[in-house]
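Overview (structure and organization)
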Amino acid sequence: RLNAKKMIESNRKYSLINLPEPKSLHVEKILALVSESMQRSGNISVSRLGLQEIIKTLFPSCNYLQIDEIVDYVAEMFFDSSGLQSLQKRYAYRHKRYFEYFLYCAIKDLFYENPGILRELRLLPNKDFILNIFLVQELKNNTISGNLQNVLTLRFFEAYLGEITCAVHKVLGLCQKP
């Protein structure tokens, strides 16, 4: 979270984008919705129009020029683009971990209300995401914050997944195996 926040705030255009404060949280929300949309559709890229629609939905008071400035801002930092004409551009994350981080941001709160979100988004077969990003980060965050209910939910989820590797437990310092 801190690295993403620093990256977002250190961009030279940060002060110019028309978003309410704290801008970095709103940029993260935009990118979380983009990642969720990409995962739902099964696409590895999003169209410029798709990005504009997400921003327009979140911030209906923004005009078209402001929306385009926000699209250009997030595209410059996190996406590679293809297509020559502006409306035909498609954006794909520069790195898989950007996509996964923002997807994690999108589902971390939804999971506790609806654990089926992982199945709905077809994330259960993605062992790398589930074990190395989602479970590790959520167990760590909820253990630190002392949220016992969420820790128990995650432990039940581990049991549901079956025999789990020691990787999650090593990160948390709970693994007893050498």
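Everything in this summary refers to the structure shown in the same document. Predicted model only: the values in this text are computed from it and were never measured.

Take the environment of Ile8 next. Structurally, the position occupied by Ile8 is in helix 1 (residues 2-10). Spatially, the C-alpha atom of Ile8 lies 7.7 Å from that of Met77, the residues being 69 residues apart in sequence. Excluding residues that lie within four positions of it along the chain, Ile8 makes contacts with Tyr14, Ser24, Val27, Glu28, Tyr73, Met77 and Phe78.

Another aspect to go through is the layout of surface pockets. Within this model, the second largest pocket holds a volume of roughly 250 Å³. Lys29, Ala32, Cys105, Ala106 and Asp109 are, among the 12 residues lining the second largest pocket, the residues nearest its centre. Ranked by residues supplied to the lining of the second largest pocket, first place goes to helix 2 (residues 23-41) with 6 residues. Classifying every residue of the lining of the second largest pocket gives 6 nonpolar, no polar and 6 charged.

Paired through backbone hydrogen bonds, the strands of a sheet run either parallel or antiparallel to each other. Pairing is antiparallel in the open sheet, where 3 strands are placed in the order 1-3-2. One side of each edge strand has no neighbouring strand; the edge strands of this open sheet are strand 1 (46-47) and strand 2 (79-82). One ladder, built from 4 bridges, connects strand 2 with strand 3 (residues 90-93); its direction is antiparallel. If you follow Ser81 over to strand 3, its bridge partner there is Tyr91.

Before going further, it helps to spend a moment on the packing of helix 2 against helix 5 (residues 96-107). In the contact formed by helix 2 and helix 5, the axes pass within 7 Å of each other and the chain directions differ by 100°. One way to sum up the angle between helix 2 and helix 5 is to call them roughly perpendicular. From helix 2, Glu28, Leu31, Ala32, Ser35, Glu36, Met38 and Gln39 reach across to helix 5, where they touch Phe99, Tyr101, Phe102, Leu103, Cys105 and Ala106.

Across its 15 residues, helix 4 (residues 64-78) extends 21 Å between first and last C-alpha, which sits within 8% of the 21 Å expected from 1.5 Å per residue. Considered for burial, the residues of helix 4 that qualify are Gln66, Ile67, Ile70, Val71, Tyr73, Val74, Ala75, Met77 and Phe78. Where helix 4 begins, one side-chain oxygen reaches toward the backbone nitrogen of Leu65, 3.0 Å away; that side chain belongs to Asn63.

Here Asp109 shows up in the loop between helix 5 and helix 6 (110-113). Linking Asp109 and Glu138, residues 29 residues apart in sequence, is a C-alpha distance of 9.9 Å.

Okay, the packing of aromatic side chains next. Two descriptors summarise a pair of aromatic rings, namely the distance from one centre to the other and the angle between the planes of the rings. Under the counting rule described, the total for this entry stands at 12 aromatic pairs. Look at Phe111 and Tyr112: their rings are 5.2 Å apart centre to centre, the planes differ by 80°, and that puts the pair in the edge-to-face class. Ring geometry for Phe111 versus Phe157: centroids 5.4 Å apart, planes at 65°, classification edge-to-face. Of the two residues, Phe111 sits in helix 6 while Phe157 sits in helix 9 (residues 148-161), which places them 46 residues apart along the sequence. Each member of the pair Phe111 and Phe157 is classed as buried. Pairwise contacts between aromatic rings join Phe78, Phe79, Tyr91, Tyr93, Tyr98, Phe99, Tyr101 and Phe102 into one cluster. A cation sits over an aromatic face here: Lys23 above Tyr14, 5.7 Å from the ring centre.

Thresholds, definitions, all that
- Chains are numbered independently. Their residues run from 1 in the order of the written sequence.
- It should be noted that, the model being predicted, local features are given only for residues of pLDDT at least 70 and side-chain atom pairs only at 80 or more, the latter also being counted only at that level, while totals for whole chains, interfaces and linings use all residues.
- Side-chain measures here rest on the full set of heavy atoms in the structure, leaving out hydrogens and waters.
- Where helices and strands are cited, they refer to DSSP runs of H or I of at least four residues and of E of at least two residues respectively, numbered from the N terminus.
- In this analysis, two residues are considered to be in contact whenever any of their non-hydrogen atoms come within 4.5 Å of each other.
- In the cavity and pocket records, a cavity denotes points on a 1 Å grid over the protein atoms alone where a 1.4 Å probe fits but cannot get out, a pocket denotes an open set with protein on both sides within 12 Å along at least 5 of 7 lines, and lining residues are residues with an atom within 4 Å of a point.
- Grid points are joined across faces, edges and corners, and a volume is the space filled by probe spheres set on the points.
- Ten residues, namely Ala, Val, Leu, Ile, Met, Phe, Trp, Tyr, Cys and Pro, are considered nonpolar, four, namely Asp, Glu, Lys and Arg, are considered charged, and the remaining ones, Gly among them, are considered polar.
- By the convention used here, strands pair only if DSSP detects at least 2 bridges between them.
- Helix axes use the C-alpha atoms of the stretch in contact, all axes being lines fitted to C-alpha atoms, and the angles between their N-to-C directions lie in the range 0 to 180 degrees.
- Roughly parallel means an angle under 35 degrees; roughly antiparallel, over 145; roughly perpendicular, 65 to 115; everything else is oblique.
- Here a helix's expected span is defined as the number of its residues, less one, multiplied by 1.5 Å.
- A 1.4 Å probe rolled over the protein chains alone gives each residue an accessible area, and that area as a share of the maximum for its type sets the label: buried under 20%, exposed over 50%, partly exposed in between.
- Under the rule applied, a polar contact is a pair of N or O atoms within 3.5 Å (in protein, one hydrogen donor and one hydrogen acceptor; residues adjacent in sequence only if both atoms are side-chain atoms).
- We call Phe, Tyr and Trp rings a pair once their centres come within 6.5 Å, taking the six-membered ring for Trp, and we label the pair stacked below 30 degrees between planes, edge-to-face above 60, and tilted otherwise.
- Here, a charge over a ring means that NZ of Lys or CZ of Arg falls within 6 Å of the ring centre while also lying within 35 degrees of the ring normal.

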